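One letter stands for each residue in the lines below.
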Amino acid sequence: MTQPVVQNRKARHEYEILETYEVGVVLKGTEVKSIRMGKFSLAEAFATVHNNELFLVNAHVDEYAQGNIFNHPVRRERKLLAHRREILEMEQAVNRKGHTLIPLKAYFKGDVLKIQLAVGRGKDARDKRQDKAKQEAKREIARALREQERNR
């Protein structure tokens, strides 16, 4: 896997990730050029299943500067490509209460844009506080270990 073009940083904070999938994306030419320039955001994006097809909704791809009349709409539903079995698994997971499909990151694999899609369950405030406390504890331990190494 190569470097991510874009990551959805809020996803792991807002959702408990249960399962991940790698899916392809159907794009227009100007979208690919714009994404390669880094003009892409997954911050408000999510995925849905309609008629056994997977779609990415609310992903923001800026217009390509040299796109003229062939430019794409900034926010449009983009079809995602996955195996039928995976789509059925995702659909069943989303039908459970509180589960949703969230894009975690997008990256190029060769010349193809891939999106890491996750089935997630929304966290409540208590879960977020627990995660923050764990993170702080890890930092304190790492800090103490570094200090102990320096004192040797």
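Residues numbered from 1 in each chain as written. Predicted model: local features only at pLDDT ≥ 70, side-chain atom pairs only at ≥ 80, totals over all residues. Heavy atoms only, no water.

With that out of the way, let us pick up the overall build of the protein chain. Across its full length, the protein chain carries four helices and nine strands. Listed by position from the N terminus, the elements making up the protein chain come as β-α-β-α-β-β-β-β-β-α-β-β-α. When burial is assessed residue by residue, the protein chain has 34% of its 152 residues classed as buried. A fraction of 66% describes how many contacts in the protein chain between residues 6 or more apart in sequence connect residues 24 or more apart. Of the roughly 10,100 Å² of accessible surface on the protein chain, 48% is carried by carbon and sulfur atoms. (Helix = DSSP H or I, 4+ residues; strand = E, 2+ residues; numbered from the N terminus. Buried < 20%, exposed > 50% of the residue type's maximum accessible area, 1.4 Å probe, protein only. Contact = heavy atoms within 4.5 Å. Areas by Shrake-Rupley, 256 points an atom, 1.4 Å probe, with all protein chains shown as cover.)

Further remarks concern the pattern of salt bridges. Pairing between side chains becomes possible if they bear opposite charge and their charged atoms approach one another. Taken as a whole, this structure holds eight salt bridges when the rule is applied. In this structure, Arg143 engages Glu140 in a salt bridge whose closest nitrogen and oxygen atoms are separated by 2.6 Å. In this pair, Arg143 and Glu140 are both assigned in helix α4 (residues 125-150), three residues apart and thus about one turn of the helix distant. What makes Arg143 partly exposed here is its relative accessible area of 41%. Glu140 sits in the partly exposed class, given a relative accessible area of 45%. Across the salt bridge formed by Glu147 and Arg150, the nearest N and O atoms sit 3.3 Å from each other. With Glu147 and Arg150 both in helix α4 and three residues apart, this pair spans about one turn of that helix. Residue Arg150 is classed as exposed on the basis of its relative accessible area, which comes to 59%. (Salt bridge = Lys/Arg side-chain N within 4 Å of Asp/Glu carboxyl O.)

Attention shifts here to the nonpolar core. Counting 25 residues, the largest nonpolar core has Phe40, Leu42, Leu54 and Leu80 as the members making the most contacts within it. Looking at this core, the elements that each hand over two or more residues are β2 (15-25), β4 (46-50), β5 (53-57), α3 (84-95), β8 (99-109) and β9 (112-122). If one sorts the elements of this core by residue count, β9 sits on top with four residues. Among all residues touching Phe40, those that are not within four sequence positions of it are Val6, Ile35, Ala59, His60, Val61 and Ala106. (Core = buried A, V, L, I, M, F, W, Y, C linked by side-chain atoms within 4.5 Å.)

With nine of its 11 residues buried, β8 lies for the most part within the structure. The pairing of β8 with β9 spans 10 bridges and is antiparallel. Pairing of Lys109 across the sheet is with Val112, part of β9. Linking β8 back to β9 in an antiparallel pair, the connection comprises two residues, with Gly110 at a positive phi of about 70°. (Pairing = 2+ DSSP bridges.)

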